Amino acid sequence: MSAKISAKIIDGKAIAADLRAAVKAETQLLTAAHDIVPGLAVVLLGDDPASRSYVTSKSRAVLEVGMRPFDHHLPADVNEAELLALVQKLNADPAVHGILVQAPLPPQISTNRIVASIDPAKDVDGFHPLNAGRLVSGLPALAPCTPIACIKLIKTVRTSLAGCDALMVGRSHIVGNPLAQLLLKENATVTIAHTRTRDLPAYCRRAEILCVAIGHAEFIRGDWIKPGATVIDIGINRVDAGGKSRIVGDVNFAEALNVAGAVTPVPGGVGPMTIACLLVNTLRAACMQAGLPAPEI
Ligand code: NDP
């Protein structure tokens, strides 16, 4: 691989900071004009350090933009009925506009039942079946935050996605599937690849927009990437390198830099934008619940 670096690095941290500033400004307007302070309830079960750290960052971001956090920490052995009761309480609380139950949930809890119990109007994660169905049907919906983040990042380097060959590698209901729907909404020509896809490198080589969410460290190689492509790396993988642990994406970043037109780094790409988009969804939810138009941010 030559040492020539051609790709623009999409700086998710800086773009997320701009988005948070825009959310803060819109939140101030909403509060001043309608006396509404958007509230986000985050429910954490147990003491998983990664989940705890996500929840702490989310609460900090909520406060920084002038919203109100409602944090609920339950023990890992809580039963499903107790969690459902808490969700019902949050559904009924007018100060709470968004509800997020931090995954993964312990085995005694059905994730599907909990997600389905959240009021779809407060479903800022966009995982409720009603929101997923509305997204596929082309109706207004709260879409999941990571896919929204990816579209916003792509738009920083491409004015239009219309007609572009887009490949979504991964088809999970939290990332791959909804991102494919959002790409389609932008009029890209979308292909979805998964574990049964034959000759994944050949599909990748055609893609002008390559989005990857598979959870395999540095799986996508530089020579699979179309020259000039926009590469969005959603993967978060912890690897050991010389006794030190570090986070890498699903794309071999060093190789991608030589070929792609633009690429997101890991960390510092999709991750920070996901939290910023959670704030956007909370603001949207607060506006929708008040019968107000959601700001265009
Ligand atoms: P899932 O495990 O739910 O889904 C992985 C998907 O990738 C599946 O559809 C699977 O296919 C597909 N896949 C796995 N291996 C291959 C392969 N070798 N070739 C082609 N397709 C493959 O993962 P998630 O979608 O939840 O997450 C994916 C990654 O994104 C993870 O690293 C996760 O940590 C990260 N993530 C990052 C976020 C962020 O904010 N940056 C937010 C959410 C997730 P099949 O359906 O056939 O099994």
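Anything mentioned here points back to the structure above.
Below is a summary of the structure that appears in this document. (Residues numbered from 1 in each chain as written. Predicted model: local features only at pLDDT ≥ 70, side-chain atom pairs only at ≥ 80, totals over all residues. Heavy atoms only, no water.)

## Some points on the sheet that holds strand E4 (residues 98-101)
Strand pairing in a sheet relies on backbone hydrogen bonds, with the paired strands running either antiparallel or parallel.
Thinking step 1. Strand order in the open sheet formed by three strands is E3-E2-E4, with parallel pairing between adjacent strands. Of all strands in the sheet, those with a lone pairing partner are strand E3 (68-74) and E4, marking the two edges. Taken over all neighbouring pairs, the strand axes of this sheet differ in orientation by 15° on average, direction set aside.
Thinking step 2. As defined by bridge partners, strand E2 (residues 39-45) adjoins E3 across seven bridges and the pair is classed as parallel. Across the sheet, the residue bridging to Gly-39 is Arg-68, located in E3.
Thinking step 3. Running at roughly 160° to E3, helix H2 (residues 49-64) makes contact with E2, E3 and E4 of the sheet. (Pairing = 2+ DSSP bridges. Helix = DSSP H or I, 4+ residues; strand = E, 2+ residues; numbered from the N terminus. Axes fitted to C-alpha atoms, helices over the stretch in contact; angles between N-to-C directions. Contact = heavy atoms within 4.5 Å.)

## What to know about helix H1 (residues 12-34)
Thinking step 1. End to end, H1 covers 32 Å across 23 residues, agreeing with the expected 33 Å (1.5 Å per residue, within 8%).
Thinking step 2. Three or more residues of H1 are buried, namely Gly-12, Ala-16, Leu-19, Val-23, Thr-27 and Leu-30.
Thinking step 3. Turning to H1, the residues buried within the fold contact helix H6 (145-155) and helix H10 (270-289).
Thinking step 4. Count one or two residues on from H1 and you reach Asp-35, which has phi positive near 55°. (Expected span 1.5 Å × (residues − 1). Buried < 20%, exposed > 50% of the residue type's maximum accessible area, 1.4 Å probe, protein only.)

## Looking at the nonpolar core
Thinking step 1. Ranked by internal contacts, the top residues of the largest apolar core, which has 55 residues, are Leu-179, Leu-183, Ile-209, Cys-211, Ile-232 and Ile-234.
Thinking step 2. Elements with a minimum of two residues in this core: H1, E2, H2, H6, strand E5 (165-169), helix H7 (176-185), strand E7 (209-212) and H10.
Thinking step 3. Examining the composition of this core, we find that 12 residues originate from one element, H10, more than from any other.
Thinking step 4. Contact partners of Ile-209, with chain neighbours within four places excluded, come to Ile-154, Arg-158, Leu-161, Cys-164, Asp-165, Ala-166, Leu-167, Leu-183 and Thr-230.
Thinking step 5. Counting 20 residues, the second-largest nonpolar core is a separate cluster that includes Val-169, Ile-225, Val-231 and Leu-257. (Core = buried A, V, L, I, M, F, W, Y, C linked by side-chain atoms within 4.5 Å.)

Note that all results are geometric; they support no functional claim without further evidence.
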